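Breakdown of the fold
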Amino acid sequence: MAEENFFERVYAIARQIPYGKVTSYGAIAKALGAARSARMVGWAMNACHNMDDVPAHRVVNQKGLLTGKHHFDGTNLMQQLLENEGIKVVNNQIVDLEKHFWKPEIES
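Here the residue numbers are simple positions, counted from 1 along each chain's written sequence. Where totals are concerned, whole chains, interfaces and linings use all residues; where local detail is concerned, this predicted model gives features only for residues with pLDDT of at least 70, and gives and counts side-chain atom pairs only at 80 or more. With hydrogens and water set aside, each side-chain value is computed from the structure's full complement of heavy atoms.

Under an unreviewed UniProt entry, the name given to the protein chain is Cysteine methyltransferase, and the source organism is Flavobacterium crocinum.

This is the structure:
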């Protein structure tokens, strides 16, 4: 199924996000050559609950909002995981997003 393959490609990029960095759904979609598929990237991240090797907490929306936080156990787990990596979060938004943003490489 094509969707499963897309999700695996999303996870392969998410696994590359360095400690202390974040990226966005849109940046992952663009890196996969599917720039208009940010929502599909979100679905993929939502589907990776039990995959401990996929750092889903490092994927935020383009403005640095923790839009996926309700998919984590506990109300502030996503924020706590990011703060443990030295990323400051205020009102569910990453402070200094540019400083912490990691841009995935575009697949050729």
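**Structural notes on the side chain of Asn-61**
Counting through the fold element by element, Asn-61 comes out in the loop between strand 2 (59-60) and helix 4 (77-84). Relative accessible area decides the class of each residue, using a 1.4 Å probe on protein chains only: under 20% of the type maximum gives buried, over 50% gives exposed, and in between gives partly exposed. Look at Asn-61 and you get buried, because its relative accessible area is 17%. In terms of polar contacts, Asn-61 uses its side chain to reach the backbone amide nitrogen of Lys-63, at 2.9 Å. Distance and chemistry together define a polar contact, namely a pair of N or O atoms within 3.5 Å, with one atom able to donate a hydrogen and the other to accept it when in protein, and with adjacent residues in sequence counting only for side-chain atoms on both sides. Side-chain polar atoms of Asn-61 contact the backbone nitrogen of Leu-65, separated by 2.9 Å. Here, residues are in contact when the closest pair of their heavy atoms is within 4.5 Å. Apart from residues no more than four positions distant in its own chain, Asn-61 is found in contact with Ser-24, Tyr-25 and Thr-67. Numbering of helices and strands runs from the N terminus, with a helix taken as a DSSP run of H or I at least four residues long and a strand as a DSSP run of E at least two residues long.

**Observations concerning the side chain of Ser-24**
Residue position: Ser-24 is located in strand 1 (residues 23-24). Beyond its immediate chain neighbours, meaning those up to four positions away, Ser-24 contacts Val-59, Val-60, Asn-61, Gln-62 and Phe-101.

**Considerations on helix 3 (residues 38-46)**
Residues of helix 3 that are buried: Val-41, Ala-44 and Met-45. Buried residues of helix 3 fall within an arc of 95 degrees about the axis and therefore sit on the same side. Within this analysis, the arc is defined by the directions that extend from the helix axis to the C-beta atoms.

**What to know about the pattern of salt bridges**
Salt bridges are defined by distance alone: a side-chain nitrogen of Lys or Arg within 4 Å of a carboxyl oxygen of Asp or Glu. This structure, assessed with the given rule, holds 2 salt bridges. Two residues, Arg-15 and Asp-53, come together in a salt bridge whose shortest N-O distance is 2.7 Å. Of this pair, Arg-15 sits in the loop between helix 1 (2-14) and strand 1 while Asp-53 is found in the loop between helix 3 and strand 2, placing the two residues 38 residues apart along the sequence. In this structure, Arg-58 and Glu-85 form a salt bridge, with 2.9 Å as the shortest nitrogen-oxygen distance. Of the two residues, Arg-58 is situated in the loop between helix 3 and strand 2 and Glu-85 in the loop between helix 4 and strand 3 (89-90); the sequence distance between them amounts to 27 residues.

**A word on the layout of surface pockets**
In this analysis a 1.4 Å probe is tested at points of a 1 Å grid over the protein atoms alone, and where it fits but cannot get out there is a cavity; an open set with protein on both sides within 12 Å along at least five of seven lines is a pocket; lining residues have an atom within 4 Å of a point. Grid points are joined across faces, edges and corners, and a volume is the space filled by probe spheres set on the points. Its volume calculated, the largest pocket comes out at about 500 Å³. Taken together, 26 residues line the largest pocket, and the ones lying closest to its centre are Met-45, Ala-56, Gly-68, His-71 and Phe-72. Every element with two or more residues in the lining of the largest pocket is listed here: helix 3 and helix 4. Ranked by the residues each element gives to the lining of the largest pocket, the list is headed by helix 3, at 6 residues. Among the residues forming the lining of the largest pocket, the class breakdown is 14 nonpolar, 9 polar and 3 charged. In this count, Pro and Cys sit with the nonpolar residues alongside Ala, Val, Leu, Ile, Met, Phe, Trp and Tyr, while Asp, Glu, Lys and Arg are called charged and the others, Gly among them, polar.

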